[in-house]
Amino acid sequence: MSSNVAGETGAVEIYRGALAALSLRRAVGFQLERGAEDFAREHMEAEQRHLSVLELVVHDTKHTRLLPAWRVAGWTLGFLPTVLVGSQGLFVTVEAVETFVEAHYGEQIAFLEHADSCPELLRLLRHFCADEVHHKEDAHARLSSEEASSDGLILSKASKHAFANVWG
């Protein structure tokens, strides 16, 4: 469960980094894509709720000592693609990350189902997983609704491949 605390910590920071990037893009004169900031805020709030619950479930002594690294990595993962590419970079990142998170939660859910134990934890993880799937599908829909340029499609494939190689 400490990996879930780390992951949700990183997720909150992804959206914080993305919001910083969107703010910077606005400050230097880029027109922001409709709904990108709302997307980031809405999903950041959901990730913060997950994190708050997990921090109650997992005792402080069981949190990884690498949380500062997760914060930096998450913020950077949200900031760089978004500042360089805009909302499309954010949506590609979220889709790739949430694909990984869905599989991670799925493994935990399958284990608890097989063990037939911890029904409340199982219910909680199913709820969190459903939220993560929603985030992935929302990002995918926003990518699909934009006129995806060939650069955007290349970015999408490259980001998914890179993410899978690093985290998968």
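Everything below is about the structure printed above this text.
Residues numbered from 1 in each chain as written. Predicted model: local features only at pLDDT ≥ 70, side-chain atom pairs only at ≥ 80, totals over all residues. Heavy atoms only, no water.

(A) View of the nonpolar core. In this structure, Val5, Tyr15, Phe39, Leu90, Phe91, Val94 and Tyr105 are the most contacted members of the largest nonpolar core, which totals 31 residues. Contributing elements (two or more residues each) for this core: helix H1 (2-27), helix H2 (36-57), helix H4 (87-115) and helix H5 (119-145). Take this core: its biggest share by element is nine residues, from H4. (Core = buried A, V, L, I, M, F, W, Y, C linked by side-chain atoms within 4.5 Å. Buried < 20%, exposed > 50% of the residue type's maximum accessible area, 1.4 Å probe, protein only. Helix = DSSP H or I, 4+ residues; strand = E, 2+ residues; numbered from the N terminus.)

(B) How the structure looks around the packing of H1 against helix H3 (residues 67-85). The N-to-C vectors of H1 and H3 enclose an angle of 35°; their axes lie 6 Å apart at closest approach. Note that H1 runs across H3; the crossing there is right-handed. Class assignment for the residues of the contact of H1 with H3 results in 16 nonpolar, seven polar and four charged. (Axes fitted to C-alpha atoms, helices over the stretch in contact; angles between N-to-C directions. Left-handed = near helix turned anticlockwise from the far one by under 90°. Nonpolar A, V, L, I, M, F, W, Y, C, P; charged D, E, K, R; others polar.)

(C) Structural detail: the layout of surface pockets. The space that makes up the largest pocket amounts to roughly 390 Å³. Lining the largest pocket are 21 residues, and of these Gly7, Trp70, Val97, Phe100 and Val101 lie nearest its centre. Looking at the lining of the largest pocket, the elements that each hand over two or more residues are H1, H3, H4 and helix H6 (150-167). Tallying contributions element by element places H1 first for the lining of the largest pocket, with seven residues. Of the residues contributing to the lining of the largest pocket, the split by class is 11 nonpolar, six polar and four charged. (1 Å grid on protein atoms, 1.4 Å probe; cavity = no way out; pocket = protein on both sides within 12 Å on 5 of 7 lines; lining within 4 Å. Points joined across faces, edges and corners; volume = space filled by probe spheres on them.)

(D) Spatial organisation of the packing of aromatic side chains. Scanning all chains against the criterion turns up four aromatic pairs. Where Trp75 meets Phe79, the ring centres are 4.7 Å apart and the plane angle is 10°; that geometry is what we call stacked. Taken as a pair, Trp75 and Phe79 lie in helix H3 at a separation of four residues, close to a single helical turn. Above the face of the Phe30 ring, Arg25 is positioned so that its terminal group lies 4.2 Å from the ring centre. (Phe/Tyr/Trp six-rings, centres within 6.5 Å; stacked < 30°, edge-to-face > 60°. Lys NZ or Arg CZ within 6 Å of the ring centre and 35° of its normal.)

(E) Local environment of empty space enclosed by the protein. Going through the model one piece at a time under the given rule, you end up with one cavity of 30 Å³ or more. The space that makes up the largest cavity amounts to roughly 30 Å³. The wall of the largest cavity is formed by Ala11, Ile14, Tyr15, Val94, Val97 and Glu98. Broken down by secondary-structure element, the contributors of at least two residues to the lining of the largest cavity are H1 and H4. A breakdown of the residues in the lining of the largest cavity according to their chemical character gives five nonpolar, no polar and one charged.

(F) Spotlight on a nonpolar patch on the surface. Residues Met1, Leu56 and Val57 make up a contiguous nonpolar surface patch of roughly 300 Å² in combined accessible area. Take Met1: it is sitting in the segment before H1. When its relative accessible area of 32% is taken as the criterion, Met1 is described as partly exposed. (Patch = residues over 30% accessible without salt bridge, like charges linked within 9 Å, V, L, I, M, F, W, Y side chains within 5 Å. Areas by Shrake-Rupley, 256 points an atom, 1.4 Å probe, with all protein chains shown as cover. Salt bridge = Lys/Arg side-chain N within 4 Å of Asp/Glu carboxyl O.)

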